[in-house]
Amino acid sequence: SQQGEEDPQALSIQEGENATMNCSYKTSINNLQWYRQNSGRGLVHLILIRSNEREKHSGRLRVTLDTSKKSSSLLITASRAADTASYFCATYTGRRALTFGSGTRLQVQP
Amino acid sequence: NAGVTQTPKFQVLKTGQSMTLQCAQDMNHEYMSWYRQDPGMGLRLIHYSVGAGITDQGEVPNGYNVSRSTTEDFPLRLLSAAPSQTSVYFCASSYDRDISYEQYFGPGTRLTVT
């Protein structure tokens, strides 16, 4: 079973708008990571947030983590057409493996 | 640095054939892993290695073998290909033996088994 599940499964927005996607997980984590996958390509690491952190920023990305609700959100501000991709959360539970969710497909319309 | 490289990019096999998917990294990473990605799904871990000579099973290991004779290489062997193994395969590596750091992914191998 998937440890992390993203919501929504698909999201379509206009360029310049903000995109928010959520990730819920089931068991306690050491850290949570977000990855981007462009069509037909490998995954690229975006940001890592540790269990003792609540918020982290990287450029136009903002990630929050609520361990009490076992959830995280990824906000992309001022989206661009180049942000069109699938976004995955991955959780590390200390068992030497990352567990990935099924992803959110983001479409940014120019 | 080339990062994580995978060969081949595409492969078609017949049921029952065997083959090896190659993965190499030039970043001196201790941790390497293999995932498969099926349509509309996330990645599922097949096997992983925390260093040369050390491998372990992931979530979906059946039908696959791995070995890690060097730090750089981590090949994945399909013993007797089945249509259920049609998927995109990704190799990844990380600095840390406990993968608490970011993973670097290869470009993937798209495998079709007929």
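Parameters at a glance
- Residues numbered from 1 in each chain as written.
- Chains lettered and ligands numbered in written order.
- Predicted model: local features only at pLDDT ≥ 70, side-chain atom pairs only at ≥ 80, totals over all residues.
- Heavy atoms only, no water.
- Disulfide = S-S within 2.5 Å.
- Helix = DSSP H or I, 4+ residues; strand = E, 2+ residues; numbered from the N terminus.
- Buried < 20%, exposed > 50% of the residue type's maximum accessible area, 1.4 Å probe, protein only.
- Pairing = 2+ DSSP bridges.
- Axes fitted to C-alpha atoms, helices over the stretch in contact; angles between N-to-C directions.
- 1 Å grid on protein atoms, 1.4 Å probe; cavity = no way out; pocket = protein on both sides within 12 Å on 5 of 7 lines; lining within 4 Å.
- Points joined across faces, edges and corners; volume = space filled by probe spheres on them.
- Nonpolar A, V, L, I, M, F, W, Y, C, P; charged D, E, K, R; others polar.
- Contact = heavy atoms within 4.5 Å.
- Buried area = accessible area lost by both parts, 1.4 Å probe.
- Salt bridge = Lys/Arg side-chain N within 4 Å of Asp/Glu carboxyl O.

Colleague: Would you mind showing me how to read the state of the cysteines here?
Modeller: In protein structure, a disulfide is the covalent linkage between the sulfur atoms of two cysteines. As enumerated under the stated definition, the model contains two disulfides over all chains in all. The residue that forms a disulfide with C23(A) is C89(A), at a sulfur-sulfur distance of 2.0 Å. Across the S-S bond of C23(A) and C89(A) the torsion is about 65 degrees, and the bridge reads as right-handed. Of this pair, C23(A) sits in strand β3 (residues 19–25) while C89(A) sits in strand β9 (residues 85–92); the two residues are 66 residues apart in sequence, bridging distant segments of the chain. Looking at C23(A), the relative accessible area reads 2%, which means it is buried. In this structure C89(A) comes out as buried when scored by relative accessible area, which is 0%. One disulfide bridge connects C23(B) with C91(B), the sulfur atoms lying 1.9 Å from each other.

Colleague: Would you take a moment to explain the sheet that holds strand β1 (residues 4–7) of chain A for this structure?
Modeller: Paired through their backbone hydrogen bonds, the strands of a sheet run either parallel or antiparallel. Residue and element names in this part refer to chain A. On the basis of which strands lie adjacent, the open sheet formed by five strands has the order β1-β3-β8-β7-β6 and antiparallel pairing. Looking at the sheet topology across the chains shown, the edges are occupied by β1 and β6 (55–58). Strand-to-strand, the axes of this sheet are offset by a mean angle of 15 degrees, without reference to chain direction. Relative to strand β7 (residues 61–66), β6 runs antiparallel, the two sharing four bridges. Across the sheet, residue H57 finds its bridge partner in β7, namely R62.

Colleague: Is there a simple way to think about unusual backbone geometry in this case?
Modeller: What you tend to see is this: most non-glycine residues have negative phi, and most peptide bonds are trans. The omega torsion of the bond from D7(A) to P8(A) falls at 0 degrees, within 30 degrees of zero and hence cis. With respect to the helices, strands and loops of the structure, P8(A) is situated in the loop between β1 and β2 (10–14). P8(B) follows T7(B) through a cis peptide bond whose omega is -10 degrees. Note that P8(B) resides in the loop between β1 (4–7) and β2 (10–13). The backbone phi angle of A78(A) is positive, close to 45 degrees, even though this residue is not glycine. Mapped onto the fold, A78(A) is located in the loop between β8 (71–76) and β9.

Colleague: I tried to follow the layout of surface pockets on my own but got confused; where do I start?
Modeller: Any empty space left between atoms is shown by rolling a water-sized probe over those atoms. Of the voids in this model, the largest pocket is the one considered here, and its volume is about 720 Å³. Those elements giving two or more residues to the lining of the largest pocket turn out to be β9 and β11 (104–109) of chain A together with β9 (87–94) and β11 (109–113) of chain B. Here the lining of the largest pocket gets four residues from one element, more than from any other, and that element is β11(B). Per-class residue counts for the lining of the largest pocket are ten nonpolar, 17 polar and five charged.

Colleague: Would you explain the interface of chain A and chain B in this entry?
Modeller: How big an interface is tends to be reported as the loss of accessible area on association of its parts. Facing the 22 residues of chain A at the interface are 22 residues of chain B. For the chain A and chain B pair, buried surface summed over both sides reaches about 1,700 Å², with 53% attributable to carbon and sulfur atoms. Looking only at chain A, the three residues that lose the most surface to chain B are L43(A), R96(A) and F100(A), adding up to 32% of its buried area. Linking chain A with chain B are zero salt bridges, by the criterion used here.

Colleague: Hey, could you run me through the pairing of strand β6 (residues 54–57) of chain B in this one?
Modeller: Residue and element names in this part refer to chain B. As paired strands, strand β5 (residues 43–51) and β6 are joined by three bridges and run antiparallel to one another. When the bridges of β6 are listed, Y48 appears paired with D56. What sits between β5 and β6 in their antiparallel hairpin is a turn of two residues, with G53 showing a positive phi close to 85 degrees.

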